[in-house]
Amino acid sequence: MERPPAAGGPGGHDAGGGRRFGSVELLAVLLVLLVVFRNPLASLISDARLQTWTTVFVSVLVQAVPFLVFGVVLSAVIAVFVPRSFWARALPRHPALAVPAAGLAGVVLPGCECGSVPIAGSLIRRGVTPAAALAFLLAAPAINPIVLTATVVAFPGRPMMAVARGVASLVVAVAMGWLWLRLGRTEWIKLPHRPDLDGLSRGNAFWAAVRHDLMHAGGFLVVGAAAAATINVVVPERWLSSLAGNAALSVLALAILAVLLSICSEADAFVAASLSQFSLTSRLVFLVVGPTVDLKLISMQAGVFGRRFAVRFAPATLVAAIVVGTGVGAVLL
Amino acid sequence: MNRQAQAVVMLLLGGAVLKASLGDLYLRYVKAGLQPFLIGAGALLVAAAVMTLWYELRSRRTTSHAHEHHHEPRIGWLLILPVLGLLLVAPPALGSYAAGQAGSVLTAQNSASDYPPLPAGDPVDVGLLDYASRAVFDQGRSLTGRTLRLTGFVTPGPDGEPMLARMVLSCCAADGRPIKVGLTGAGPSAVAPDTWVQVVGAYTNRVGKDPVNDADVPYLQVTGWQEVTPPKQQYE
């Protein structure tokens, strides 16, 4: 592969060719301005709401950075070091069987949902059927041992909560995979253009994949974190209390709350536990929806799979999670 | 954004994460247990930046100019925001505003089992969550007859009287929820919200309700208090 010229090259804001004002220069100017105007900027956020917004925004990102970085590194390992033929051998040949197999494989990826998006993208690039990669994407953050243990701890004396969560989340993941097999179209998925890795040395290809996915998925993660922080500050919890009495409304309210708050799947059980006015079934729906659809995930999915994908996949997953969560809750809780 | 600029952004982000996690700053945002992962992630970000620059500079020497237009992700510019958040702003830990927004966390950890006796000491330091659970679920059996010392920040209660509060985290501040303890007797008065205080007092069986989520809010009979500097680990 021919490399583009470095400075003044095909960045976002400059035409190719000679040494013009490129993105490095823009970045330098931006940083100098920010350091110069540091104090006025800091005093802008002295208001309690803005300060809370900033704290939550920074926290969501600090919490997500390790998962993002490790997820991106794992996806680069998949892209560079795992041969294409591996996936054909590892997963059942028939796509309808590959879906539940990939969903169950989610057990082995402990962590939050931020890491699983780039990994699922990397799997599709390596020829894994999208249906199986999506089942993995949905299952991994919800049914891994760390998340289920956290659920047991958060609901003392109610181990069925963790069982119901595992079952419902796996059912949603497999159902969405099969739904994709029936109705999904490949052209809805538009993986971001990643520089072709084939002609590069392994080291170069690995770091190129890491850099690209970090900048891409990380940028979208910032959008999601900003949205989550806004909701966190704007929606006070007391608005919810009035909805808790009605069975149907409480399920819907907590499903939407899970989407809006975008809490890590390792932590959402503790939040669900403290929403004590709500029924156990509605809190189960909160736990099933959260790791599969939330603002942070929607923005990362839009970034990694394209907007055409996200506008179809996220609402469908939300409906599936609500229906399955309610059903499993009615039977098991 | 070209690759050199991306390398700079990754270097800044990795540096910011390292700076926050090698000091105490990260404790304002996440649990202490995340520290090794943050250090690892920060180091990987710095490595990715260095390797990007390395390959970039090497290929500049070896290949001629070729105008192949890749769409390098522009969305990556947004990663400057967390860098600014950590390096320039470094917002404080959650305080009384957040405590007023959410209901008391007490219902989350209800294991109505036998509580072990408090450690020796007079007064003895008790966490807010520990005090609240012993007071509500154990009817104060393990608390009676002891002089207790609680540390937290002041937050306005429903009746305008100051309460003592502390935020409880599971992962990060986005899931932070308050634990609140009401104060009767000679509690801190005319103290601004968010002031950190240490109160000394005794168990009382008075229990109120958090208006936000109807959770039980136990009270403490205060005999004395003083302002203190916020602890390093502000969350419980």
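Please provide a residue-by-residue account of the overall build of chain A, values included.
When its secondary structure is counted, chain A shows 16 helices and 0 strands. Taking 20 Å as the expected radius of gyration for a compact globule of 333 residues, we find that chain A reaches 21 Å, a close match to that expectation. Over its C-alpha atoms, taken along the principal directions, chain A stretches across nearly 65 × 60 × 30 Å. Evaluated residue by residue, chain A yields a buried proportion of 58% over its 333 residues. Pairs at least 24 apart in sequence give 78% of the contacts found in chain A among residues at least 6 apart. When the accessible surface of chain A is summed, it comes to about 12800 Å², and 69% of that surface belongs to carbon and sulfur atoms. Distance between charge centroids for chain A: 5 Å, based on 24 positive and 13 negative side chains.

Hey, could you go over the pattern of salt bridges for me, with residue numbers and the actual values?
Residue and element names in this part refer to chain B. Taken as a whole, this structure holds 7 salt bridges over all chains when the rule is applied. Where Asp 130 meets Arg 134, a salt bridge forms, and the shortest distance between an N and an O atom there is 3.0 Å. Taken as a pair, Asp 130 and Arg 134 lie in helix H5 (residues 128–137) at a separation of 4 residues, close to a single helical turn. Judged by its relative accessible area of 29%, Asp 130 is partly exposed. We classify Arg 134 as buried; its relative accessible area is 5%. A salt bridge links Asp 210 to Lys 180; the nearest nitrogen and oxygen atoms lie 2.9 Å apart. Within this pair, whereas Asp 210 is found in the loop between strand E5 (196–209) and strand E6 (216–227), its partner Lys 180 is found in strand E4 (residues 177–185), the two being separated by 30 residues in sequence. Owing to a relative accessible area of 6%, Lys 180 belongs among the buried residues under this scheme.

Which residues make up the environment of A:Leu91, and what are the values?
Residue and element names in this part refer to chain A. Take Leu 91: it is sitting in the loop between helix H4 (84–90) and helix H5 (95–105). Judged by relative accessible area, Leu 91 falls into the buried class, the value being 18%. A sequence separation of 32 residues divides Leu 91 from Ser 59, and the C-alpha atoms of the two residues are 37 Å apart. Discounting residues that sit within four places of it in the chain, Leu 91 has contacts with Ala 98, Ala 101, Ala 102, Val 128 and Ala 132.

Quick rundown of the confidence of the model for chain A? Include the residues and the values.
Should pLDDT be low for a region, the predicted coordinates there are not to be read in detail. Confidence along chain A averages 85 in pLDDT terms, with 93% of residues attaining 70 or more. Throughout residues 1–18 of chain A the model reports pLDDT below 50, and contacts reaching past four residues in sequence, or to other chains, amount to 54 contacts.

Give me unusual backbone geometry: which residues, what numbers.
Residue and element names in this part refer to chain B. Cis rather than trans, the peptide bond between Asp 122 and Pro 123 has omega equal to -5°. One can find Pro 123 in the loop between helix H4 (96–101) and strand E1 (124–125). For Ala 190, which is not glycine, the phi dihedral falls at a positive 55°. As for its position among the elements, Ala 190 is in the loop between E4 and E5. Judged by its relative accessible area of 87%, Ala 190 falls in the exposed class. If you check the backbone angles, Asp 194 has positive phi at about 80° while not being a glycine.

Conventions adopted
Residues numbered from 1 in each chain as written. Chains lettered and ligands numbered in written order. Predicted model: local features only at pLDDT ≥ 70, side-chain atom pairs only at ≥ 80, totals over all residues. Heavy atoms only, no water. Helix = DSSP H or I, 4+ residues; strand = E, 2+ residues; numbered from the N terminus. Rg over C-alpha atoms; globule rule 2.2 N^0.38 Å. Buried < 20%, exposed > 50% of the residue type's maximum accessible area, 1.4 Å probe, protein only. Contact = heavy atoms within 4.5 Å. Areas by Shrake-Rupley, 256 points an atom, 1.4 Å probe, with all protein chains shown as cover. Lys, Arg positive; Asp, Glu negative; His and termini not counted. Charge placed at Lys NZ, Arg CZ, Asp CG, Glu CD. Salt bridge = Lys/Arg side-chain N within 4 Å of Asp/Glu carboxyl O. pLDDT = per-residue confidence, 0-100.

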